[in-house]
Amino acid sequence: MTQSSKYNSVQRKKFYFSQPLMDKAKKIIAQYPEGRERSAILPLLEMAQRHNGGWLSPDALEYVGDMLSLPITRVWEIATFYTMFNTQPVGKFHIQVCGTPPCYLCGSKEVKRACQKWLGIKVGETTDDKMFTLTEVECLGACANAPVVQINDDYFEDLNAESIEKILQDLADGKKIESGSMTGRTGSAPLNTKIRKKDA
Amino acid sequence: MTEEIKKIQVIIDDKEIDVPEGVTVLQACEIAEQEIPVFCYHSKLSIAGNCRMCLVQVEGKRNPIASCAMQASHGMKISTKSEMVTKARKGNLEFLLINHPLDCPVCDQGGECDLQDITMAYGPSSSRFKDNKRAVKNKNFGPLIKTEMTRCIHCTRCVRFATEVAGAEEVGAFGRGEDMEISSYLEQAVTSELSGNMIDLCPVGALTSKPYAFKARSWELTPTNSIDVMDAVGSNIRVDSKNNEVMRILPIANEAVNEEWLSDKARFSYDGLMTQRLDRPYIRQDGKLKAVEWHEAFIFAAKEIKKHNADEIAALSGDLADVESQFCLKELMDKIGSLHRDCRQDGAFLPMDERCDYLFNTTIESIEQADHCLIVGSNVRLEAPIINARIRKSTLHHGLKVAYVGPSADLTYKTESLGDKLSILNKILSGSHAYAKTLKEAKNPMIIIGQGALASPDGEGIYKTCRAIADKYGFVHDDWNGFNILHTAAGRVGGLDIGFTPGEKGKDTRKILQAAERNEIKVVYLLGADEIDEDALKNTFVIYQGSHGDKAAHIANVIFPAAAYTEKEALYVNTEGRIQQTRRAVFPPGEAKEDWKIIRALSEILHKKLPYDTRKDILSKLAKTYPAYKDFSRIEKGQWHEIKAIEVRRGMMTLPINNYYQTNPVARASVTMAKCTVGKKDSKSWEKD
Ligand code: SF4
Ligand code: FES
């Protein structure tokens, strides 16, 4: 995760919540007791990131801070504390390879290497066409299906070099891809069982 | 203390001891005089509990506990010396030192570093860590604070100070885990007027003073306890000097005045003491200033004074003038027969029948007992940052509510704005304003009147209306006096005390300047008065006595070089009326002399000799003449009396300070303050290392 506080100089449109988002935000804030509205910071930042191309730009941070009357320092503290908030721009597809021991033991190193080779970038970088960003993350909580990669909101499991390459190719081609296990098992069912996805 | 506080008994290192209920284990140990090493704990800040240095053993608990974050309970058995504690401290320090560089020889904190001291006392003798240390990029905190962020141990004292005391949430802990870094958002310079205190709070050398960087080691310095004169708060300071030069200024804790804090101007303007100094007497001949000997300068001035009628001579004293010199100058003027004198350069309206007429009567400490505060035409944050921090503290912890009349300003706490025209005061007095109801219900209300309001054309009306408000709404009762004048000049209250004000039919500042313009006043004696309109004195013979070649020295006909506040023993009275004494830390430069001595010498040449040969003579005369000067430990206020209201007509005013960093000759001569001035406008333009 990048922690540097470099101001990204990309000129962009000023960030704001559109009306439906604003209504949603107000609803979220209303869930918290009076005087504790500031606690709504996490869901609001998440919403902002989702509608800001997957990252929190300084103006998005300021916007959310103003909404909750939180000084920007506090917002920035929170945004940099949680690794799921991106404080630098990310590509259209954010490839997050899990590198924690269970995945590592099952071959996440291969998966990572395949990604780097296929995308031609290192971990923490974005491709020139702004399509892919590659990051290595800590446990995604799906160890039973290691190795795991999260791409935007979806999990891809039981991966190896081949399957991840195919996924990347499909994404680049704009094809629809299916998330879940790549070996076809159902959920986290034991590896050798005969229950297949189709039978379930 | 009004309420009886319940006591509980704890056993600390096998000794039974009674402590008040609700204290933490750490505080209980402090009461028992057992030293506990700490980094993150600070009595004036909230508890963080993140350094783990304060571990102690509590019977019945398997693990050592952080004493700063646990409340003591009855019967608790605490051990601060057991094997477990010793081991825990050692281990903790070993962890802290993993990433802390061993650069003590080149670190300005060396010699006064908590980490250094605590490691010496409790730490391991060597490290077992063989891997790479972490390094952190330094941050830009502006021209006052130098950062060396690899040294940071993440105690978050600086963050808590900025958030809680300074009220400027400019510093934060960004990132997490090993990547956590202390910084300001996007590395903007810290703008708070109290930022220098973070340097004191930082237990290691991560935040150090930029102007003091690599100037001296702490053990080479000679400390002198003194008083600050940059504003009228009278903060207690320690002046550290070396080779007859002031190296730095630090606060001394005084609960009644500045707690443990110091404003940036008081802390960093000392470099102004070395530049633009007047170090020898000058006289102006043929339009040019010429350096002369003292007696020549005296004779030159005396000749001119003798040439004129007493009625054509006037004296003005400036913001940094001490009590003794103002007293001597007043006596000299009396002997000459001139009644035109004033210590209010800004022309503020201030009656002085009793001391309580012009003091901050509530006292700084008792702000914490007030429940409502009405600020009239003052930007307290710039006029007295320390008092502003007290008000902020009261709003946060004691439920103080603040309302504001006058031009708006960001005071770092919540205020209710009643409008920017001071004529609103009329409505509050008559009871037709909604705020009147609040005041009626208040128990301990206070009002703070700024110099800007009193110096406005409506000054008299504002003062008297506020007085009437105070009387009507019970601002003064039993042992509570909520009527406060906030002064901005360190010399002002002293000047008012000894009556450095127009005698009967004498002229005040405004009239003296007008008369000088009309050439009715021919000689003006300026005792460090630099903040006046010098153009008015173009055709006047100006005698300037002061420490710096500032504005007024340029129009002077005679210059008497005087000592600055770090170079003399002198009395200063703060806005509360507290009489305090500065001490000499260094000698004045060149031929400069203490102020009262100059006036005493001149009086002799004028054949109007003042009967004081030592400073002691003056002090005993003061004590005889003014009851307040008998005993400096108590504040004499005089009798509260009624003053009739006059309506505020227009109520327009301007705030007196718009550039906090350059309000007096010392600060104007300071390069550091000049850098801050630039930085205030555009925080990004502050030079980086
Ligand atoms: S900079 Fe100093 S005060 Fe701030 S967290 Fe680090 S060690 Fe503590
Ligand atoms: S002083 Fe107790 S944890 Fe830091």
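Residues numbered from 1 in each chain as written. Chains lettered and ligands numbered in written order. Predicted model: local features only at pLDDT ≥ 70, side-chain atom pairs only at ≥ 80, totals over all residues. Heavy atoms only, no water.

Chemist: Lay out the overall build of chain A with the relevant residues and their values.
Modeler: Scanning chain A from terminus to terminus reveals 7 helices and 5 strands. The linear arrangement of helices and strands in chain A, starting from the amino end, is α-α-α-α-β-α-α-β-β-β-α-β. In chain A, which comprises 200 residues, the share counted as buried stands at 42%. Restricting the contact set of chain A to residue pairs at least 6 apart, pairs at least 24 apart contribute 60%. Taken as a whole, chain A presents about 11,500 Å² of accessible surface, with 53% of it coming from carbon and sulfur. (Helix = DSSP H or I, 4+ residues; strand = E, 2+ residues; numbered from the N terminus. Buried < 20%, exposed > 50% of the residue type's maximum accessible area, 1.4 Å probe, protein only. Contact = heavy atoms within 4.5 Å. Areas by Shrake-Rupley, 256 points an atom, 1.4 Å probe, with all protein chains shown as cover.)

Chemist: Can you explain the overall build of chain B? Please cite residues and give values.
Modeler: Along chain B, the regular secondary structure elements total 20 helices and 28 strands. Relative to the globule expectation of 26 Å for 689 residues, the C-alpha radius of gyration of chain B, 28 Å, shows essentially globular dimensions. For chain B, the proportion of its 689 residues judged to be buried stands at 62%. A sequence separation of at least 24 residues applies to 70% of the contacts in chain B between residues at least 6 apart. Within the structure as shown, chain B displays about 28,400 Å² of accessible surface, and the carbon and sulfur contribution to it stands at 48%. Measuring between centres, the 92 positive side-chain charges of chain B sit 1 Å from its 96 negative side-chain charges. (Rg over C-alpha atoms; globule rule 2.2 N^0.38 Å. Lys, Arg positive; Asp, Glu negative; His and termini not counted. Charge placed at Lys NZ, Arg CZ, Asp CG, Glu CD.)

Chemist: Requested: an account of the site of ligand 1, with residues and values cited.
Modeler: What surrounds ligand 1 is a group of 13 residues, the closest being Cys152(B), Cys155(B), Thr156(B), Cys158(B) and Cys202(B). Grouping the constituent residues of the shell around ligand 1 by class yields 11 nonpolar, 2 polar and no charged. (Near = heavy atom within 4 Å. Nonpolar A, V, L, I, M, F, W, Y, C, P; charged D, E, K, R; others polar.)

Chemist: Just give me the short version of the interface of chain B and chain A, but keep the residues and values in it.
Modeler: Listed per partner, the contact involves 14 residues of chain B and 16 residues of chain A. Between chain B and chain A, roughly 1,400 Å² of surface is buried when both sides are summed, and carbon and sulfur atoms account for 56% of that area. For the chain B face of the interface with chain A, the top three residues by lost area are Glu169(B), Arg176(B) and Tyr185(B), together amounting to 48%. There are 1 salt bridge connecting chain B and chain A. Across the pair Arg74(A) and Glu169(B) runs a salt bridge whose closest N-O atoms are separated by 2.5 Å. (Buried area = accessible area lost by both parts, 1.4 Å probe. Salt bridge = Lys/Arg side-chain N within 4 Å of Asp/Glu carboxyl O.)

Chemist: Go over the environment of Ser317(B), please, and point to the residues and values.
Modeler: All names here are of chain B. Relative to the helices and strands, Ser317 resides in strand 15 (residues 313-317). The spatial distance from the C-alpha of Ser317 to the C-alpha of Ala48 is 48 Å, given a sequence separation of 269 residues. Looking at Ser317, its side chain comes within polar contact range of the side chain of Gln326, at 2.9 Å. (Polar contact = N/O pair within 3.5 Å; in protein donor to acceptor, adjacent residues only side chain to side chain.)

Chemist: Let's hear about the state of the cysteines: which residues, and what values?
Modeler: Residue and element names in this part refer to chain A. Applying the stated criterion across every chain, the model contains 0 disulfides over all chains. No disulfide involves Cys103; its nearest neighbouring cysteine sulfur is the one of Cys98, lying 3.6 Å away. With relative accessibility at 2%, the residue Cys103 sits in the buried group. (Disulfide = S-S within 2.5 Å.)

Chemist: If you had to explain unusual backbone geometry to someone new, which residues and values would you point to?
Modeler: Each neighbour pair has its own omega, and for Ala146(A) with Pro147(A) the value is -10°, a cis peptide bond. A positive phi angle, close to 60°, is found at Lys130(A), a residue other than glycine. By secondary structure assignment, the location of Lys130(A) is in the loop between helix 6 (108-119) and strand 2 (132-137). Its identity is not glycine, yet His154(B) carries a phi of approximately 60°, on the positive side. Checked against the element boundaries, His154(B) lands in the loop between strand 6 (145-147) and helix 4 (157-166).

Chemist: Give me the lowdown on the side chain of Ser209(B), citing residues and values where you can.
Modeler: All names here are of chain B. One can find Ser209 in strand 9 (residues 207-209). Here the side chain of Ser209 touches Tyr212 through a polar contact of 3.3 Å, landing on its backbone nitrogen. Other than its neighbours up to four places away in sequence, Ser209 contacts Leu144, Lys146, Ile199 and Phe268.

Chemist: Report on the sheet that holds strand 12 (residues 245-251) of chain B, specifying residues and quantitative values.
Modeler: All names here are of chain B. In space, the 3 strands of this open sheet follow the order 10-11-12, with antiparallel pairing throughout. Pairing within the sheet leaves two strands with one partner each, and these edge strands are strand 10 (222-227) and strand 12. Each strand axis lies, on average, 30° off the axis of its neighbour in the sheet, ignoring direction. Alignment of strand 11 (residues 236-242) against strand 12, held across 6 bridges, turns out to be antiparallel. Residue pairing in the sheet places Ser241 in a bridge with Val246 of strand 12. (Pairing = 2+ DSSP bridges. Axes fitted to C-alpha atoms, helices over the stretch in contact; angles between N-to-C directions.)

Chemist: Kindly report on the sheet that holds strand 2 (residues 15-20) of chain B, identifying the contributing residues and their values.
Modeler: Residues and elements named next belong to chain B. Ordered by their spatial adjacency, 5 strands build an open sheet running 2-1-5-3-4, and the pairing between neighbours is mixed. Two strands lie at the open edges of the sheet, namely strand 2 and strand 4 (65-66), each paired on one side alone. On the sheet, helix 2 (residues 83-98) packs against strand 3 (55-58) and strand 5 (77-79) and is oriented at approximately 155° with respect to strand 3.

Chemist: Break down the confidence of the model for chain B for me, citing the residues and quoting the values.
Modeler: Residues and elements named next belong to chain B. For chain B, the mean per-residue pLDDT works out to 93, and 98% of the residues sit at or above 70. Predicted confidence for residues 681-689 stays below pLDDT 50, and this span has 23 contacts to residues more than four positions away or in other chains. Reported for the predicted complex are a pTM of 0.91 and an ipTM of 0.84. (pLDDT = per-residue confidence, 0-100.)

Chemist: For the side chain of Ser218(B), give the residues involved together with the corresponding values.
Modeler: All names here are of chain B. Inspection of the secondary structure puts Ser218 in the loop between strand 9 and strand 10. Under the relative-accessibility criterion, Ser218 is labelled buried at 16%. Those residues in contact with Ser218, other than ones at most four positions away along the chain, are Gly110, Gly111, Glu112, Tyr212 and Arg248.

Chemist: If you had to explain the pairing of strand 17 (residues 372-376) of chain B to someone new, which residues and values would you point to?
Modeler: Residues and elements named next belong to chain B. With respect to burial, strand 17 is a largely interior element, 5 of its 5 residues being buried. Of the two faces of strand 17, the one lined by His372, Leu374 and Val376 and the one lined by Cys373 and Ile375 are each fully buried. Bridging between strand 17 and strand 18 (residues 401-405) involves 5 bridges; their strand directions are parallel. Opposite Ile375, over in strand 18, you have Tyr404 as the bridge partner. Sheet topology places strand 17 next to strand 20 (residues 445-450); 5 bridges connect them, and they run parallel. Bridge pairing links Leu374 to Ile447 in strand 20.

Chemist: Account for helix 7 (residues 161-173) of chain A, naming residues and giving values.
Modeler: Residue and element names in this part refer to chain A. Taking 1.5 Å of rise per residue, the 13 residues of helix 7 would be expected to cover 18 Å, and the 18 Å separating its terminal C-alpha atoms lies within 8% of that figure. Here the buried face of helix 7 lies against strand 1 (93-98), helix 6, strand 2, strand 3 (149-151) and strand 4 (154-157). Positioned one or two residues after helix 7, Gly174 has a phi angle of 80°, which is positive. (Expected span 1.5 Å × (residues − 1).)

Chemist: Mind laying out helix 4 of chain B, listing which residues take part and the relevant values?
Modeler: All names here are of chain B. The buried fraction of helix 4 is high, at 9 of 10 residues. Within helix 4, the full set of buried residues consists of Arg157, Cys158, Val159, Arg160, Phe161, Ala162, Thr163, Val165 and Ala166. In the segment just after helix 4, Gly167 is the residue with positive phi, at about 70°.

Chemist: Can you lay out the environment of Asp279(B) for me, pointing to particular residues and giving the numbers?
Modeler: Residues and elements named next belong to chain B. Within the element layout of this structure, Asp279 appears in the loop between helix 6 (264-268) and strand 13 (282-285). For the pair formed by Asp279 and Ala28, sequence separation is 251 residues and the distance between their alpha carbons is 54 Å. Ignoring sequence-local partners within four residues, the contact set of Asp279 consists of Pro561, Pro589, Gly590, Glu591 and Ala592.

Chemist: Can you lay out the nonpolar core for me, pointing to particular residues and giving the numbers?
Modeler: All names here are of chain B. Counting residues in each nonpolar core, the largest one holds 82 residues, and the members touching the most others are Val376, Tyr525 and Phe560. It is helix 8 (residues 323-336) that provides the largest number of residues to this core, a total of 7 residues. Once residues lying within four places of it in the same chain are set aside, the contact partners of Val376 are Val405, Leu422, Leu425, Ile447, Ile448, Ile449, Gly450, Ala453, Ile462 and Cys466. Of all hydrophobic cores here, the second largest spans 72 residues; its members include Tyr122, Phe161, Tyr413 and Met673. (Core = buried A, V, L, I, M, F, W, Y, C linked by side-chain atoms within 4.5 Å.)

Chemist: Quick one: what's the story with the packing of aromatic side chains, residue by residue and with numbers?
Modeler: Summed over the entire model, instances satisfying the criterion amount to 23 aromatic pairs over all chains. With centroids separated by 6.0 Å and ring planes inclined at 45°, the aromatic side chains of Phe327(B) and Tyr612(B) adopt a geometry described as tilted. Taken together, the residues span a long stretch of sequence, with Phe327(B) in helix 8 and Tyr612(B) in the loop between helix 17 (595-605) and helix 18 (615-625) at a distance of 285 residues. Taken together through their ring pairs, the aromatic side chains of Phe327(B), Tyr612(B), Tyr626(B), Tyr629(B) and Phe632(B) make up a single cluster. Over the ring of Phe81(A) we find Arg176(B); its NZ or CZ atom is 4.5 Å from the centre of that ring. Here Arg467(B) stacks its cationic end above the ring of Trp640(B), 3.9 Å away from the centre of that ring. (Phe/Tyr/Trp six-rings, centres within 6.5 Å; stacked < 30°, edge-to-face > 60°. Lys NZ or Arg CZ within 6 Å of the ring centre and 35° of its normal.)

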